[in-house]
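Survey of secondary and tertiary structure
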Amino acid sequence: MFKNEGLPGKILDSKQIYKGPIFTLSQQKIKTPDGLTIDRDVILHGSTVTILAFTPNQHVLLNTEYRVGVNAESLSLPAGLINEGETPLQAAKRELIEETGYQTTKTEIMTTLTVSAGFSTEKVTLILAQIEPQKTESQHFDSDEFVNSQLIRYSHLKQLIAQGRIRSSQAIAAVGYYEMFCKNK
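Remember, predicted model here, so these are calculated numbers, not experimental data. (Residues numbered from 1 in each chain as written. Predicted model: local features only at pLDDT ≥ 70, side-chain atom pairs only at ≥ 80, totals over all residues. Heavy atoms only, no water.)

On to the packing of helix α2 (residues 154-162) against helix α3 (residues 169-182). The contact between α2 and α3 brings their axes to 11 Å, and the two run at 125°. In terms of their interaxial angle, α2 and α3 are classed as oblique. Crossing hand, α2 versus α3: left-handed. Each of Y154, L157, K158 and I161 in α2 lies in contact with α3, whose residues at this interface are I172, V175, Y178 and E179. Class assignment of the residues belonging to the contact of α2 with α3 gives a composition of six nonpolar, no polar and two charged. (Axes fitted to C-alpha atoms, helices over the stretch in contact; angles between N-to-C directions. Helix = DSSP H or I, 4+ residues; strand = E, 2+ residues; numbered from the N terminus. Parallel < 35°, antiparallel > 145°, perpendicular 65-115°, else oblique. Left-handed = near helix turned anticlockwise from the far one by under 90°. Contact = heavy atoms within 4.5 Å. Nonpolar A, V, L, I, M, F, W, Y, C, P; charged D, E, K, R; others polar.)

With that settled, the discussion passes to unusual backbone geometry. Residue Q58 is not a glycine yet carries a positive backbone phi of 65°. Turning to its location among the elements, Q58 is positioned in the loop between β4 (48-54) and β5 (59-67). By relative accessible area, Q58 is classed as partly exposed at 41%. Of note, the phi angle at N71 is positive, near 50°, even though the residue is not glycine. In this structure, N71 sits in the loop between β5 and β6 (72-76). (Buried < 20%, exposed > 50% of the residue type's maximum accessible area, 1.4 Å probe, protein only.)

This part covers the side chain of S168. Looking at where S168 falls in the secondary structure, it is placed in the loop between α2 and α3. Residue S168 is classed as buried on the basis of its relative accessible area of 17%. Non-local contacts of S168, meaning those with residues more than four positions away in its chain, are made with L75 and S76.

Here's what the structure looks like:
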C-alpha cells in the first residue's frame, strides 16, 4: 500500500558525538529510500520493556520513580532496559522482581513500539503479565534508582491516566493496547 514502508535508508557516514551509560549520540548522513541525502542527529538507545501486570482480582502494579527528563517523581508502570542476551519476556520478569519484588506467573508480548522515531532508536516492548500478590521477593534496585510500587485497581489506573497524572507514553500505550486488543480475548 505504501511504496517504501519498512525500507531502510543507507547510512553514508556516522560520527559519534557523545557516549554515556544509557545512550550514544551520533551525527549521521543518510540516503533515504526516497533518494534524499539528509543529515540527522540520532540517539542510539537500547530496547526496553514496559509491563502491565495484573493480579487475579484485577489490580495492577503502579510505580513511582524519579525521572530526570521531567525532574520529578513520576507515576508509571514497571519498566526497564533489556540487558544484552535477554529476550523482552526475560527482561520483564527480571525487572518486575528487581523493582517490585513480584514474580510473574504468565507473560506475553502485546506489541513493540518506537519511542520517538524521528531521533531515537529506542524500542519498547509492551508486556502483559500475571502476578500472584502473595509471591514476593526482595527488591534489587540498580545503584541509581529507588522505586515505590503498589497495587491499585485497574479502574483507578485508567482514572489516573484520564486525570493526566500518568504521563508516561509507554504506560498509556500499554493500557490502550490492552483495552483494544487483549482485554476481551
